[in-house]
Amino acid sequence: MRKEVIFNEWLQEVSKYPNVNYFRHSGATMSLMATIASLNGDFNFGVTDYIKIAQQHQASKNHSESSLRNFLMQAIKDGHFVALDNPLKKTRKTLVLSDTLKKEYRNWLNSLSKKFAA
C-alpha cells in the first residue's frame, strides 16, 4: 500500500512540470531524460549510448532500441533536447536538456527531495 501512495504522490508532483511530464509515460523515457541530464553534453556519449544506458534499468528492458530511438528523435523535434556539434566524432549526436527542461528537471528533483526527505 505504501508503494502505491508514493507512486501517486510522485505522479501528482511530476504533473506540475509539463516538460518533465512529457517523459513520464514509461521508466525507459524517464531513464533517457535522467541519463542525458547526468551526462550533460559529454562528447564521449551519443544517442546509442543513451539508449544502452537507459536499457540497463529494469523499467527499460521491455523497450526496444528502435522504440527508444524514435521517442528520443521525437523529443529532439519537440525541443526537449538540444544536439551539440561533437568535435570528437562528427556522426555522434551528443545531447543536452533544453534550457526549459533543465530548469524544470532541477525544480522537479528539488521538489521530490523535499517531499520524500522524511
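The rules behind each value
- Residues numbered from 1 in each chain as written.
- Predicted model: local features only at pLDDT ≥ 70, side-chain atom pairs only at ≥ 80, totals over all residues.
- Heavy atoms only, no water.
- pLDDT = per-residue confidence, 0-100.
- Helix = DSSP H or I, 4+ residues; strand = E, 2+ residues; numbered from the N terminus.
- Core = buried A, V, L, I, M, F, W, Y, C linked by side-chain atoms within 4.5 Å.
- Buried < 20%, exposed > 50% of the residue type's maximum accessible area, 1.4 Å probe, protein only.
- Contact = heavy atoms within 4.5 Å.
- Axes fitted to C-alpha atoms, helices over the stretch in contact; angles between N-to-C directions.
- Parallel < 35°, antiparallel > 145°, perpendicular 65-115°, else oblique.
- Left-handed = near helix turned anticlockwise from the far one by under 90°.
- Pairing = 2+ DSSP bridges.
- Arc of directions from axis to C-beta.
- Salt bridge = Lys/Arg side-chain N within 4 Å of Asp/Glu carboxyl O.

Quick look at the confidence of the model for the chain now. This prediction gives the chain a mean pLDDT of 88; 92% of its residues lie at or above 70. Element-level pLDDT for the chain is lowest in helix α1 (residues 2-14), with a mean of 76, against a maximum mean of 96 in strand β2 (residues 94-97).

The subject of this paragraph is the nonpolar core. Ranked by internal contacts, the top residues of the largest apolar core, which has 27 residues, are Val 20, Phe 23, Met 33, Phe 81, Leu 95, Leu 97 and Trp 108. Considering every element that reaches this core, the biggest residue donor is helix α3 (residues 27-39), with six residues. In this structure, Leu 95 is in contact with Ile 36, Gly 41, Val 47, Tyr 50, Leu 72, Ile 76, Phe 81, Val 82 and Ala 83, ignoring residues within four places of it in sequence.

Another point: the packing of α3 against helix α5 (residues 65-77). Closest axis-to-axis distance for the α3/α5 pair is 11 Å, and the angle between their directions is 60 degrees. As the angle between them shows, α3 and α5 are arranged oblique. Regarding α3 and α5, the two cross each other, and that crossing is right-handed. Side by side, α3 and α5 meet where Ala 28, Thr 29, Leu 32 and Ile 36 of the first sit next to Leu 68, Phe 71 and Leu 72 of the second.

What you see with β2 is no split at all: Thr 94 and Val 96 on one side and Leu 95 and Leu 97 on the other are buried throughout. Note: strand β1 (residues 81-84) against β2, four bridges, orientation antiparallel. Bridging from a neighbouring strand, Val 82 pairs with Val 96 of β2.

Listing the buried residues of helix α4 (residues 47-55) in full gives Val 47, Tyr 50, Ile 51 and Ala 54. For α4, the arc enclosing every buried residue in end-on projection is 95 degrees, short of the 170-degree limit, so these residues lie on one face. Close packing links the buried residues of α4 with α3, α5 and β2.

Quick look at the side chain of Thr 94 now. Tracing the sequence through the fold places Thr 94 in strand β2. A residue is classified by how much of its surface remains accessible, and Thr 94, at 0% relative accessible area, is buried. Aside from chain neighbours lying at most four places away, what touches Thr 94 is Gly 41, Asp 42, Phe 43, Phe 45, Tyr 50, Val 82, Ala 83, Leu 84 and Asn 86.

Moving on, we come to the pattern of salt bridges. The final tally for this structure, using the stated rule, is two salt bridges. Of the charged contacts, one joins Lys 16 and Glu 13 as a salt bridge, the two residues approaching to 3.2 Å between their closest N and O atoms. In this structure Lys 16 comes out as exposed when scored by relative accessible area, which is 52%. Judged by its relative accessible area of 6%, Glu 13 falls in the buried class. Across the pair Arg 69 and Glu 65 runs a salt bridge, and its minimum N-O distance is 3.1 Å. You can see Arg 69 and its partner Glu 65 sitting in helix α5, four residues apart, about one turn around the helix. The exposure class assigned to Arg 69 is partly exposed, which follows from its relative accessible area of 27%.

As a further point, take the environment of Arg 106. Mapped onto the elements, Arg 106 comes out in helix α6 (residues 99-115). Considering only alpha carbons, one finds Arg 106 and Leu 11, 95 residues apart in sequence, at a separation of 16 Å.

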